[in-house]
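What follows is each chain in one-letter form.
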Amino acid sequence: MTATDRSIELISAAAQAAADKLAHDIVAYDVSDVLSITDAFLLASAPNDRQVKSIVDEIEERLQKEKGVKPVRREGEREGRWVLLDFVDIVVHVQHSEERVFYALERLWKDCPRLDLPEDAEATRGKGEAAAREGGE
């Protein structure tokens, strides 16, 4: 089984929305072969809580406006460190950069196929690490 066309369409729109709000390290995985509850995961991160919330709001607004979907569940918003948006077909994780490193969700899904993303989203890979190195120097 592979992610549906609809799921891939939602992932692409969410990834572009995240990239437009300057998210770091955007990546998506087709988890349809290992999970029955969703087709795909989108992971993105940001260096501060306010930006995490801004990215989440943009993804939610864009998917509602352009694709006519709302999340059935939204968790973690109060803390702003890790927000999960469950759209049933896809699940979006937007994490503070520190949580992204600590929880390393990529390790859990590394055997799942990566999904192609819009060019702007692909260009964000490695930016979180680069920003952390610059900030730590």
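Residues numbered from 1 in each chain as written. Predicted model: local features only at pLDDT ≥ 70, side-chain atom pairs only at ≥ 80, totals over all residues. Heavy atoms only, no water.

Caption draft 1: The pairing of strand 4 (residues 82-86), seen in detail. Along strand 4, 4 of the 5 residues are buried, which leaves the element largely enclosed by surrounding structure. As paired elements, strand 3 (residues 73-75) and strand 4 share 3 bridges and run antiparallel to each other. Looking across to strand 4, one finds that R74 is bridged to L85. With antiparallel pairing between neighbouring strands as the criterion, strand 3 and strand 4 make up a hairpin whose turn holds 6 residues, including G76 at a positive phi of roughly 85°. Where strand 4 and strand 5 (residues 90-96) come together, 5 bridges link them in antiparallel fashion. Across the sheet, residue V83 finds its bridge partner in strand 5, namely V94. (Buried < 20%, exposed > 50% of the residue type's maximum accessible area, 1.4 Å probe, protein only. Helix = DSSP H or I, 4+ residues; strand = E, 2+ residues; numbered from the N terminus. Pairing = 2+ DSSP bridges.)

Caption draft 2: Representation of the packing of aromatic side chains within the structure. Inspection of the entire model under this criterion finds 3 aromatic pairs. Seen from their ring centres, F41 and W109 are 5.0 Å apart, and the 80° between their planes marks the pair as edge-to-face. Of this pair, F41 sits in strand 2 (residues 40-46) while W109 sits in helix 4 (residues 105-109); the two residues are 68 residues apart in sequence, bridging distant segments of the chain. The exposure class of F41 is buried, given its relative accessible area of 8%. Taking the relative accessible area as the measure of exposure, W109 reaches 15% and is therefore buried. Pairing W82 with Y103 gives two aromatic rings, centres 4.9 Å apart and planes at 55°, and the pair type is tilted. Of this pair, W82 sits in strand 4 while Y103 is found in helix 3 (residues 97-103), placing the two residues 21 residues apart along the sequence. Each member of the aromatic cluster is reached from another via a ring pair, and the members are W82, F102 and Y103. (Phe/Tyr/Trp six-rings, centres within 6.5 Å; stacked < 30°, edge-to-face > 60°.)

Caption draft 3: Inspection of helix 1 (residues 5-20) at higher detail. Taking 1.5 Å per residue as the helical rise, helix 1 with its 16 residues ought to reach 22 Å, and the 23 Å between its terminal C-alpha atoms agrees with that figure. For helix 1, the complete set of buried residues consists of S7, L10, I11, A13, A14, A15, Q16, A17, A18 and A19. In the core, the buried residues of helix 1 are packed alongside strand 1 (24-30), strand 2, helix 2 (49-67), strand 5 and helix 5 (119-122). Remark: L22 follows helix 1 within two positions and exhibits a positive phi of approximately 65°. (Expected span 1.5 Å × (residues − 1). Contact = heavy atoms within 4.5 Å.)

Caption draft 4: The arrangement of the nonpolar core in detail. Of all hydrophobic cores here, the largest spans 30 residues; its most connected members are I26, L42, I59, L63, I90 and V92. Those elements that place two or more of their residues in this core are helix 1, strand 1, strand 2, helix 2, strand 4 and strand 5. Ranked by the residues each element gives to this core, the list is headed by helix 1, at 8 residues. Aside from chain neighbours lying at most four places away, what touches I26 is A15, A18, A19, L42, L43, A44, L117, A121, T124 and R125. Judged by nonpolar contacts, the second largest core, of 10 residues, contains V31, F41, L84 and L105. (Core = buried A, V, L, I, M, F, W, Y, C linked by side-chain atoms within 4.5 Å.)

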